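# Report on the structure
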Amino acid sequence: MPRSQKYPSSHLNAKRPSSGMRPLVILSILSIVLLTFYIREGDTGPIHAVRSGVTTVTSPLRIAGSVVASPFNALGNVIENLTASQETLSDLKAQNAELTSQVAELSEAQQTATRLESLLGLQSTYNLQSTAARIIGGSSDAWSRTVTIDKGTADGLEVGMAVCNSYGVVGQITEVSLNTSTALLIFDESSGVSAMVQSSRAQGMLRGQADGSLRLEYVSVDSEVSVGDIIVTSGIGGVFPKGLPLGTVSSVERSDNDVYYTIVVRTQASTENNEEVLVITALNDDQVASDAEVSEANAQDDVTTSGGGSTDSGSAANQADASGQDGTTTDDESE
């Protein structure tokens, strides 16, 4: 072949870059350069400023596009659901029911764990000798306020034992069988708990009322009592450990010539939202009112009755001693 002969033009074109690819190559190089500058410059750099401006300008368009597209997306989902097979829909319903059941079980387990943790906190804080029980029923008439728990004599429970929940005192066991017990709630009219004002140590008797409220009775008008004061068990009577919370004072009234205050107490120790309780099976020596504290309570009542001319012998200490169950009395005993 002569040296002067040239290659075919088609052969030369195969080695040259296509003119259509040049813009793509240039744009790729430009993108890499801009990306490099974007990464290296600060947040206030020119490229960041341009990007922020573009985002600001295009945001309304994106929002409008999303609003316009939403009905079509929803329509697409509806069409997809309508065209799904019956077998697929049945599987989805079954999965949904199973997941709903699992969520309910987990939620119930979490609430139970929270309640039990609160009971353990009360037990630890007050060093209570107690056993846990579950509420399985309540009173069926409007004349008594009681609950039934799933522990009885087989578990060492006896009449007179105190019952608490995580907020404080709930009531006192009045009936026991082999595997169940009945507890009279502190809201019942026949219930009474020897109590005192935590700040001033003024002694009284917490009694349930016909309307379901609580009143702290036999507190001398010479004592210091204010709204918001905390009411706790006094330990007189030897049933409820001294210092357990009973509630807070919601109102204090005094009429002319009255010897005692009229004190209404609000408590959170309701059984409506609680399923587990603690039954206090024994008291430590430091959880019972000492002889000196009982004498002081009696002296306080003696001063009140002698000074005010009252013949009412229903003081906190006297009521606790008469009932033998820390103030849980019959109507005859309370009169």
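The coordinates are above.
Nothing here was measured: the structure is a model prediction, and the numbers come from that model. (Residues numbered from 1 in each chain as written. Predicted model: local features only at pLDDT ≥ 70, side-chain atom pairs only at ≥ 80, totals over all residues. Heavy atoms only, no water.)

## Observations regarding the environment of Leu-178
Here Leu-178 is to be found in the loop between β4 (168–176) and β5 (181–185). Separated by 22 residues in the primary sequence, Leu-178 and Gly-156 place their C-alpha atoms 9.4 Å from one another. Setting aside chain neighbours within four positions, we find Leu-178 in contact with Gly-152, Thr-153 and Ala-154. (Helix = DSSP H or I, 4+ residues; strand = E, 2+ residues; numbered from the N terminus. Contact = heavy atoms within 4.5 Å.)

## Things to note about the sheet that holds strand β11 (residues 262–266)
Each strand in a sheet pairs with another by means of backbone hydrogen bonds, the pair being arranged parallel or else antiparallel. Ordered by their spatial adjacency, six strands build a closed barrel running β6-β7-β8-β11-β10-β9, and the pairing between neighbours is antiparallel. Within the sheet, the average angular offset between the axes of one strand and its neighbour, ignoring direction, is 40°. In this structure, strand β6 (residues 192–197) lies alongside strand β7 (residues 203–208), joined through five bridges in antiparallel fashion. Its bridge partner being in β7, Gly-192 is matched across the sheet by Arg-207. (Pairing = 2+ DSSP bridges. Axes fitted to C-alpha atoms, helices over the stretch in contact; angles between N-to-C directions.)

## So, the nonpolar core
Formed by 42 residues in total, the largest nonpolar core has its most connected members in Ile-149, Leu-216, Ile-231, Ile-263 and Val-279. Top element by residues in this core is strand β12 (residues 276–282). It accounts for four residues. (Core = buried A, V, L, I, M, F, W, Y, C linked by side-chain atoms within 4.5 Å. Buried < 20%, exposed > 50% of the residue type's maximum accessible area, 1.4 Å probe, protein only.)

## So, a nonpolar patch on the surface
A cluster of nonpolar side chains, contributed by Met-21, Val-25, Ile-29 and Val-33, occupies part of the molecular surface with about 340 Å² of accessible area. Mapped onto the elements of the fold, Ile-29 is located in helix α2 (residues 22–40). (Patch = residues over 30% accessible without salt bridge, like charges linked within 9 Å, V, L, I, M, F, W, Y side chains within 5 Å. Areas by Shrake-Rupley, 256 points an atom, 1.4 Å probe, with all protein chains shown as cover. Salt bridge = Lys/Arg side-chain N within 4 Å of Asp/Glu carboxyl O.)

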